[in-house]
Amino acid sequence: QKEVEQNSGPLSVPEGAIASLNCTYSDRGSQSFFWYRQYSGKSPELIMSIYSNGDKEDGRFTAQLNKASQYVSLLIRDSQPSDSATYLCAVIRYSGGYQKVTFGIGTKLQVIP
Amino acid sequence: KAGVTQTPRYLIKTRGQQVTLSCSPISGHRSVSWYQQTPGQGLQFLFEYFSETQRNKGNFPGRFSGRQFSNSRSEMNVSTLELGDSALYLCASSSITGDLNTEAFFGQGTRLTVV
């Protein structure tokens, strides 16, 4: 079992629809969760961080965290073609002043005009 | 505020050579992490430096090494290059709150091709 699992996709959604990106993790001690967007040929760009159970909204983006189910998701409302990218889930565990950062393989999102 | 700067952007090396990559973090950020990104493996953590000390290390062979200078700039070195080392190498910087890193911000990366 991979430490952080994401469906590599591609996930295709029509313009204006809601895109739902999912990520599961295996380490119950994980404490911080991030979503990065990476356009082809570019570096990852931080779009959301979430630390506690529940939803966190920022514009068209909503991150959802359920630590009991070890599940974190990213919803993109009113999807635009410019949202087409690979979305990386990152999970951090802290222990004794050290951190372990693990990234998922990323989900490729295609927004169809 | 300037972002994370990585140099060079592109490199072509032959097998057996060594290479040094450079990363200048965001001003005020003292933690620098290095990652290797390949299509098949995704983003894999190499190591993290904080206050000139390696604080965390991933599962890479000893051919991969790094260091951090007093101004927080970091270098990564790969010796005896292999074809499989061809990848995008990304550097990320973050600040520290207590002992914990805040969100990481990535540089543009160095695309290394080994021929």
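Heads up: these notes are all about the structure in this document. (Residues numbered from 1 in each chain as written. Chains lettered and ligands numbered in written order. Predicted model: local features only at pLDDT ≥ 70, side-chain atom pairs only at ≥ 80, totals over all residues. Heavy atoms only, no water.)

1. Topic: the environment of Pro113 of chain A
Residues and elements named next belong to chain A. In plain terms, the rule: We count a stretch as a helix when DSSP gives it H or I for four or more residues in a row; a strand needs E for two or more, and each element gets its number in order from the N terminus. Burial classification: accessible surface area is computed with a 1.4 Å probe over protein chains only, and a residue below 20% of its type maximum counts as buried, one above 50% as exposed, and the rest as partly exposed. In this description, contact between two residues means that some pair of their heavy atoms is separated by no more than 4.5 Å.
As for its position among the elements, Pro113 is in the segment after strand E11 (107–112). Residue Pro113 is classed as exposed on the basis of its relative accessible area, which comes to 79%. Along the sequence, Pro113 and Lys42 sit 71 residues apart, while their C-alpha atoms lie 22 Å from each other. When residues no more than four places from it in sequence are discounted, the contact partners of Pro113 are Glu15 and Pro81.

2. Some thoughts on the sheet that holds strand E7 (residues 64–68) of chain B
Residue and element names in this part refer to chain B. Definition in use: Any two strands with at least two DSSP-identified bridges between them are counted as paired. Structural elements are reduced to axes, namely lines fitted to C-alpha atoms, with helices fitted over the stretch in contact, and the angle between N-to-C directions of any two is expressed from 0 to 180 degrees.
Reading across the sheet, the four strands line up as E1-E3-E8-E7 and stay open at both edges, with antiparallel pairing between neighbours. One side of each edge strand has no neighbouring strand; the edge strands of this open sheet are strand E1 (5–7) and E7. Mean inter-strand twist for the sheet, computed between neighbouring axes without regard to direction, equals 20°. Across three bridges, the pairing between E1 and strand E3 (residues 19–24) is antiparallel. Paired with Thr7 across the strands is Ser22, a residue of E3.

3. Regarding the packing of aromatic side chains
Rules: Ring pairs shown here join Phe, Tyr and Trp side chains whose ring centres sit within 6.5 Å, with only the six-membered ring taken for Trp; geometry is labelled stacked below 30 degrees between planes, edge-to-face above 60, and tilted in between.
Considering all chains together, one arrives at 10 aromatic pairs over all chains under this definition. Note on Tyr36 of chain A and Phe106 of chain B: the rings are 5.3 Å apart at their centroids and 85° apart in plane angle, and the pair reads as edge-to-face. Highlighted residues: Tyr36 of chain A in strand E4 (residues 32–38) and Phe106 of chain B in strand E12 (residues 105–106), drawn from two different chains. Phe106 of chain B carries the same exposure label as Tyr36 of chain A, and that label is buried. Residues Phe60 of chain B and Phe64 of chain B carry aromatic rings whose centres are separated by 5.2 Å and whose planes lie at 65° to one another, so their mutual orientation is edge-to-face. Under the relative-accessibility criterion, Phe60 of chain B is labelled buried at 15%.

4. Observations concerning the state of the cysteines
Heads up, the rule is: Put simply, a disulfide is two cysteine sulfurs that come within 2.5 Å.
All chains considered together, the criterion is met by two disulfides over all chains. Across the disulfide, Cys23 of chain A is cross-linked to Cys89 of chain A (sulfur-sulfur distance 2.1 Å). Here the disulfide of Cys23 of chain A and Cys89 of chain A is left-handed, its torsion about the S-S bond being about -70°. With Cys23 of chain A in strand E3 (residues 19–25) and Cys89 of chain A in strand E9 (residues 85–95), this pair connects stretches of sequence that are 66 residues apart. Just as Cys23 of chain A is buried, Cys89 of chain A falls in that class too. Cys23 of chain B shares a disulfide with Cys91 of chain B; S-S distance 1.7 Å. With the S-S dihedral at roughly -50°, the linkage between Cys23 of chain B and Cys91 of chain B falls on the left-handed side.

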